[in-house]
There are 2 protein chains.
Amino acid sequence: MKLLNRDVDYAVRALVFMARANKPMISVASMKESVGVPRPFLRKTLQKLHQAGLLHSIKGKGGGFALARRPEAITLSHLMTALQGPLKLNDCVFRKKLCANHDTCLLRRRLEGIEGRLRSEIEGVTIRDLV
Amino acid sequence: MKLLNRDVDYAVRALVFMARANKPMISVASMKESVGVPRPFLRKTLQKLHQAGLLHSIKGKGGGFALARRPEAITLSHLMTALQGPLKLNDCVFRKKLCANHDTCLLRRRLEGIEGRLRSEIEGVTIRDLV
DNA sequence: CAAAATGATACCCATATGGTATCATTGTGT
DNA sequence: ACACAATGATACCATATGGGTATCATTTTG
């Protein structure tokens, strides 16, 4: 089981790099070595974060990406939601239809509790913490 | 993200069914309707649990599977380990080699903490709880 | 010896994942 | 005006994974 896919892993590295840098605006080209990610892939990832409102972007010469919030206001949860969708431990929707005894399912209830606590854990990890 | 794959989901249903039944030995054929899983698939799954020591099995006419321990001694963690491998949130092994700054990675440390707490949560859910 | 069960494998299909390529658009500097 | 440097948007591809089926071997009972 993977909590984070590569997109999120790469995004963390990139955002930490950006938080460390003094310059506000950073191009993909200038961070790709330190982040260690193929450039086109990193671009795609950062574009998604821009769409999610976590980054600013400026096109053209001298452009690049910049954090749209302070590092302590960007959490692991934000990145995961933007790049791999909302956290849902119990995929009790099989074949497009709900499991028959969805309402009474004890497993589901237990998982929801676990899910909630896990969610607040990942909301507690910020880019600031990882710099 | 999925915490449980279908194997585990199906296994939970099957083991709960077995825990509820009075008979010790139960054949796949006799539980497939209530569990709602294709027979050959359920067989494969229960075979894995047998290999993991969670079930007994008896071949031949009148045979089947039986819980190898009391329901309160079988946890969600046992099923997950047997059917989808050990819980590891941080797959920091990409392309067969470790991430360069494995030792100093702050993200890794945070994830390990989360992983530990998650692990004890799933160790706290037993088949008994779900009957 | 037939029937009923599991053991062990091999296979298949659909989807998700990781990654690349291409062209359009926008901004800067000369 | 124009070249160049950057992101925006898509389309594409290769591989891995997940969910499921099929087949044959083995064991036990009656």
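Nothing here was measured: the structure is a model prediction, and the numbers come from that model.

Caption draft 1: Seen up close, the relation of the copies chain A and chain B. Once turned by 179 degrees and shifted 0.1 Å along the axis, chain A lies on chain B with an RMSD of 0.1 Å. Here the two chains are linked by the operation of a two-fold rotation axis. When each C-alpha of chain A is compared by its distance to the rotation axis, Leu118 of chain A comes out closest, at 3.7 Å. A shared interface surface links the copies, since 95% of the contact residues of chain A are contact residues in chain B too.

Caption draft 2: View of the pairing of strand 1 (residues 55–58) of chain A. Residue and element names in this part refer to chain A. The pairing of strand 1 with strand 2 (residues 64–67) spans 4 bridges and is antiparallel. Of the residues in strand 2, the one forming a bridge with His56 is Ala66. Counted along the chain from strand 1 to the antiparallel partner strand 2, the turn is 5 residues long, and its residue Gly60 has a positive phi close to 85 degrees.

Caption draft 3: Seen up close, the protein's contact with DNA strand C. In the region of DNA strand C, 27 residues are neighbours, and Pro38, Gly60 and Lys61 of chain A together with Ser27 and Ser57 of chain B sit closest. Mapped by element, the contributors of at least two residues to the surface near DNA strand C are helix 1 (6–20) and helix 3 (39–51) of chain A together with helix 2 (28–35), helix 3 (39–51) and strand 2 (64–67) of chain B. The element contributing the most residues to the surface near DNA strand C is helix 3 of chain B, with 5 residues. Taken together, the residues that form the surface near DNA strand C break down as 6 nonpolar, 12 polar and 9 charged.

Caption draft 4: Spatial organisation of the interface of chain A and chain B. Taken together, the contact between chain A and chain B spans 19 residues of the former and 20 residues of the latter. Elements with a contribution of two residues or more to the side of chain A that touches chain B: helix 5 (106–123) and helix 6 (127–130) of chain A. In terms of residues, the side of chain A that touches chain B owes the most to one element, helix 5 of chain A, which gives 7 residues.

Criteria and cut-off values
Each chain has its residues counted from 1, running along the sequence as written. Chain letters and ligand numbers both follow the written order, the letters beginning at A and the numbers at 1. Side-chain atom pairs in this predicted model are given and counted only at pLDDT of 80 or more, local residue features only at pLDDT of at least 70, and totals for whole chains, interfaces and linings cover all residues. Here the copies were fitted onto each other by least squares, based on C-alpha atoms from residues at pLDDT of at least 70 in both. We call two residues in contact if the C-beta atoms placed from their backbones are at most 7 Å apart. Any two strands between which DSSP finds at least two bridges are classified as paired. Where helices and strands are cited, they refer to DSSP runs of H or I of at least four residues and of E of at least two residues respectively, numbered from the N terminus. By convention here, the C-beta atom is placed from the backbone, and a residue is near a molecule or strand when that atom is within 6 Å of it. Each residue gets one label: Ala, Val, Leu, Ile, Met, Phe, Trp, Tyr, Cys and Pro are nonpolar, Asp, Glu, Lys and Arg are charged, and the others, such as Gly, are polar.

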